[in-house]
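Chains, contacts and geometry: an overview
One letter stands for each residue in the lines below.
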Amino acid sequence: SQTIHQWPATLVQPVGSPLSLECTVEGTSNPNLYWYRQAAGRGLQLLFYSVGIGQISSEVPQNLSASRPQDRQFILSSKKLLLSDSGFYLCALRETSGTSYNEQFFGPGTRLTVL
Amino acid sequence: DAKTTQPPSMDCAEGRAANLPCNHSTISGNEYVYWYRQIHSQGPQYIIHGLKNNETNEMASLIITEDRKSSTLILPHATLRDTAVYYCIVSTDSWGKFQFGAGTQVVVTP
């Protein structure tokens, strides 16, 4: 079965500092990968998704970017963090084999606090 | 994707069935209904999904009305560990994109 690793688990960063969050997956090949953000007390917002290496689609304009340098690696970055970037960042995967309506599986998340 | 409407909160007694409603009146014919739950400070956990037939797995049952405009997630014997926010999502996006709403906060009490 598939496994999603995210690190770090928690992070406290000053405003204006850079960010790099990493997601790696195991047990699957050529998955669709997703980055979501959950602000405090809110629902999940889809930020980016990727259907393959180097293929990134952005859902909302923001201070963040994503990259997929390898099939099972998805990275979320920022050059300069804003206070509004604080939140719970979740990586998810969806297998592309089988049906078109496979469910998504979520990682453990990274809790980011920008001060 | 169709929007969903869920009650913001509901309580359930431990050992009783929990019936969680979801309204998706604008659902289109090829959109699936997915249910997830999120326990505090964890990533969402997949529960079940379906198109038009009722579905059951080891976690829950999903009842979809004949007109598909609403569905009910049933947790047959709620335990304290079922306390979580439950999300109902409808999607047919070929990229698998989900739009999460606010969900229903379920509190299971002893």
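The residue numbers shown here count from 1 along each chain, following its written sequence. All chains are assigned letters beginning with A, and all ligands numbers beginning with 1, in the order in which they are written. Reporting of local features is limited, given that this is a predicted model, to residues whose pLDDT is at least 70; pairs of side-chain atoms are given and counted only at 80 or more, and all residues count toward the totals for whole chains, interfaces and linings. Excluded from the side-chain calculations are hydrogens and water; all other atoms, namely the structure's heavy atoms, are used.

**What about the sheet that holds strand E1 (residues 3-7) of chain A?**
Across a sheet, strands are paired by hydrogen bonds formed along the backbone, either parallel or antiparallel in direction. Residues and elements named next belong to chain A. For two strands to count as paired, DSSP must find a minimum of two bridges between them. Per the convention used, a helix needs a DSSP run of H or I reaching at least four residues, while a strand needs a run of E reaching at least two, with both numbered from the N terminus. Read from one edge to the other, the open sheet built from four strands follows the order E1-E3-E8-E7, with strand pairing classed as antiparallel. Edge positions in the sheet fall to E1 and strand E7 (65-70), since each of these pairs with one other strand and no more. Between one strand and the next, the sheet's axes are offset by a mean angle of 20°, whatever the strand orientation. Bridge count for E1 against strand E3 (residues 19-26) is five bridges, and the pairing is antiparallel. Simply put, an axis is a line fit to the C-alpha atoms, just over the touching stretch for a helix, and the angle between two N-to-C directions goes from 0 to 180 degrees.

**Structural notes on the packing of aromatic side chains**
Between the rings of Phe, Tyr and Trp (Trp by its six-membered ring), a pair exists once the centres lie within 6.5 Å; its type follows the angle of the planes, with under 30 degrees stacked, over 60 edge-to-face, and the other angles tilted. Considering all chains together, one arrives at 15 aromatic pairs over all chains under this definition. Ring geometry for Phe106 of chain A and Tyr36 of chain B: centres 5.7 Å apart, planes at 85°, overall edge-to-face. Here Phe106 of chain A, found in strand E10 (residues 104-106), pairs with Tyr36 of chain B, found in strand E3 (residues 32-38), and the two come from separate chains. Assigned by exposure class, Phe106 of chain A and Tyr36 of chain B land together as buried. Between Tyr36 of chain B and Tyr46 of chain B the ring centres are 5.7 Å apart and the planes differ by 70°, which places this aromatic pair in the edge-to-face class. Taken together, the positions of Tyr36 of chain B in strand E3 and Tyr46 of chain B in strand E4 (residues 45-50) put the pair ten residues apart, joining distant regions of the chain. Categorising residues by exposure relies on relative accessible area from a 1.4 Å probe, with only protein chains included: less than 20% of the type maximum marks a residue as buried, more than 50% marks it as exposed, and the intermediate range marks it as partly exposed.

**Details of the interface of chain A and chain B**
With 22 residues of chain A at the interface, the matching set in chain B holds 21 residues. When chain A packs against chain B, the two sides together hide about 1700 Å² of surface, and 55% of this comes from carbon and sulfur. We define a salt bridge as a contact between a side-chain nitrogen of Lys or Arg and a carboxyl oxygen of Asp or Glu at a distance within 4 Å. Applying the counting criterion to the chain A and chain B interface returns one salt bridge. Between Glu59 of chain A and Lys97 of chain B there is a salt bridge, and its shortest N-O distance comes to 3.6 Å. By the convention used here, residues are in contact when the closest approach between their heavy atoms is within 4.5 Å. Computed with a 1.4 Å rolling probe, the buried area is the accessible surface lost when two parts are put together, summed over both parts.

**A look at the state of the cysteines**
Cysteine pairs can be linked by a disulfide, which is a covalent bond between their two sulfur atoms. All names here are of chain A. Disulfide assignment relies on a single distance test, namely cysteine sulfur atoms paired within 2.5 Å. Counting across every chain of the model gives two disulfides over all chains. For Cys23, the disulfide goes to Cys91, at an S-S distance of 2.0 Å. Because the torsion about its S-S bond is -65°, the bridge between Cys23 and Cys91 counts as left-handed. Here Cys23 is found in strand E3, whereas its partner Cys91 is found in strand E9 (residues 87-94), with 68 residues between them in sequence. Considered together, Cys23 and Cys91 belong to a single accessibility category, that of buried residues.

**With respect to the side chain of Ser50 of chain A**
Looking at the element boundaries, Ser50 of chain A is found in strand E5 (residues 44-52). Here Ser50 of chain A is in contact with Pro31, Asn32, Leu33, Gln55, Ile56, Arg68 and Phe74 of chain A, once residues within four sequence places are set aside.

**Brief notes about the pairing of strand E8 (residues 84-91) of chain B**
Residues and elements named next belong to chain B. For E8, the tally of buried residues reaches eight of eight residues, placing the bulk of the element in the interior. Burial of the side chains of E8 extends over both faces: Ala84, Tyr86, Cys88 and Val90 are buried on one face and Val85, Tyr87, Ile89 and Ser91 on the other. As judged from the seven bridges shared by E3 and E8, these two strands associate in the antiparallel manner. Across the sheet, residue Tyr32 finds its bridge partner in E8, namely Ser91.

**Let's talk about the side chain of Arg37 of chain B**
Residue and element names in this part refer to chain B. Mapped onto the fold, Arg37 is located in strand E3. By the criterion applied in these results, polar contacts are pairs of N or O atoms within 3.5 Å in which, for protein atoms, one can donate a hydrogen and the other can accept it, and in which residues neighboring in sequence qualify only through two side-chain atoms. Of note is the side chain of Arg37, whose polar atom sits 2.7 Å from the side chain of Asp82. Not counting chain neighbours up to four residues away, the residues in contact with Arg37 comprise Gly43, Pro44, Gln45, Ile47, Met59, Arg81, Asp82, Ala84, Val85 and Tyr86.

None of the figures reported here should be taken as evidence of function without further support.
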